[in-house]
Amino acid sequence: MGRKKGGKISGPFVPLTHILLFSKAFISLKNSSKLALVYFMSDIKNSHDKTVILTFSQAQKYGVCSSPTTFIEIKRELVKKGFLDPLEPGGLREPSKFILSYRWKQFGTNLFEEIQLIPGVGYKYFQLAWKDEEKRNDLIKSRYPQKEPNTENV
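Residues numbered from 1 in each chain as written. Predicted model: local features only at pLDDT ≥ 70, side-chain atom pairs only at ≥ 80, totals over all residues. Heavy atoms only, no water.

Caption draft 1: Up close: the packing of aromatic side chains. Applying the stated criterion across every chain, the model contains six aromatic pairs. Between the aromatic rings of Phe-83 and Trp-104, the centroid separation amounts to 5.9 Å while the plane-to-plane angle is 10 degrees, which identifies the pairing as stacked. Remark: Trp-104 occurs in the loop between strand E3 (97–100) and helix H6 (123–131) and Phe-83 occurs in the loop between helix H5 (68–80) and strand E2 (84–88); sequence separation between them is 21 residues. With relative accessibility at 2%, the residue Phe-83 sits in the buried group. (Phe/Tyr/Trp six-rings, centres within 6.5 Å; stacked < 30°, edge-to-face > 60°. Helix = DSSP H or I, 4+ residues; strand = E, 2+ residues; numbered from the N terminus. Buried < 20%, exposed > 50% of the residue type's maximum accessible area, 1.4 Å probe, protein only.)

The structure is reproduced here in structure tokens:
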């Protein structure tokens, strides 16, 4: 499939090594999380690019899941088992950004460092927070931080 003469693969591909496929961490993933991991890995454009994104609409399109709640659980599992490290939480039309991690190699050992995913502000939370004036102000401040006045030119 997609091979040129000489045994080289033509076109982009997602490298799923045997070490990854037969690891305790990968085997313990739910099937939907395994599929999501493949699509997260496919977001790598070059060897210098470490940031990966998979939006909920992409996850729906690729058949990963059909519920936002399930999508959050998938991302939580991938972070918890060492495949992704959170970079930016996202929310409200901003996708969550992750870095591919290799913590999964130590999964199941005392060397494994577990990280929890703190999800971004989703639509449901936003509706509730907008009704509370203090939470609404916090949302506005986090979304539109005030810039310090430039005093050098005065």
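Caption draft 2: Summary view of a negative patch on the surface. Where like charges cluster on the molecular surface, the negative patch consists of Asp-132, Glu-133, Glu-134 and Asp-138. Along the polypeptide, Asp-132 turns up in the loop between H6 and helix H7 (133–143). (Patch = residues over 30% accessible without salt bridge, like charges linked within 9 Å, V, L, I, M, F, W, Y side chains within 5 Å. Areas by Shrake-Rupley, 256 points an atom, 1.4 Å probe, with all protein chains shown as cover. Salt bridge = Lys/Arg side-chain N within 4 Å of Asp/Glu carboxyl O. Lys, Arg positive; Asp, Glu negative; His and termini not counted. Charge placed at Lys NZ, Arg CZ, Asp CG, Glu CD.)

Caption draft 3: Structural context of the pattern of salt bridges. Applying the stated criterion to the full structure yields five salt bridges. Between Asp-85 and Arg-103 there is a salt bridge, and its shortest N-O distance comes to 2.8 Å. With a gap of 18 residues between them, Asp-85 in strand E2 and Arg-103 in the loop between E3 and H6 connect regions that are remote in the sequence. When the shortest N-O distance is used, the salt bridge between Lys-97 and Glu-88 registers 3.9 Å. Exposure remark for Lys-97: the relative accessible area of 25% places this residue in the partly exposed category.

Caption draft 4: Examining the packing of helix H3 (residues 31–41) against H5 more closely. Direction vectors running N to C along H3 and H5 enclose 80 degrees, while the axes themselves pass 9 Å from each other. Between H3 and H5, the crossing angle belongs to the class labelled roughly perpendicular. Where H3 abuts H5, its residues Ser-32, Ser-33, Ala-36, Leu-37 and Phe-40 lie against Ile-74, Lys-75, Glu-77 and Leu-78. (Axes fitted to C-alpha atoms, helices over the stretch in contact; angles between N-to-C directions. Parallel < 35°, antiparallel > 145°, perpendicular 65-115°, else oblique. Contact = heavy atoms within 4.5 Å.)

Caption draft 5: Inspection of H5 at higher detail. A rise of 1.5 Å per residue sets the reference length of H5, with its 13 residues, at 18 Å; its end C-alpha atoms lie 18 Å apart and thus fit the reference within 8%. Considered for burial, the residues of H5 that qualify are Phe-71, Ile-74, Lys-75, Glu-77, Leu-78 and Val-79. Check the buried side of H5 and you find it contacts helix H2 (24–28), H3, helix H4 (56–61), E2 and E3. In this structure Ser-67 caps H5, since a side-chain oxygen of it lies 3.2 Å from the backbone nitrogen of Thr-69. Directly after H5, the chain includes Gly-82, whose backbone phi takes a positive value near 95 degrees. (Expected span 1.5 Å × (residues − 1). Polar contact = N/O pair within 3.5 Å; in protein donor to acceptor, adjacent residues only side chain to side chain.)

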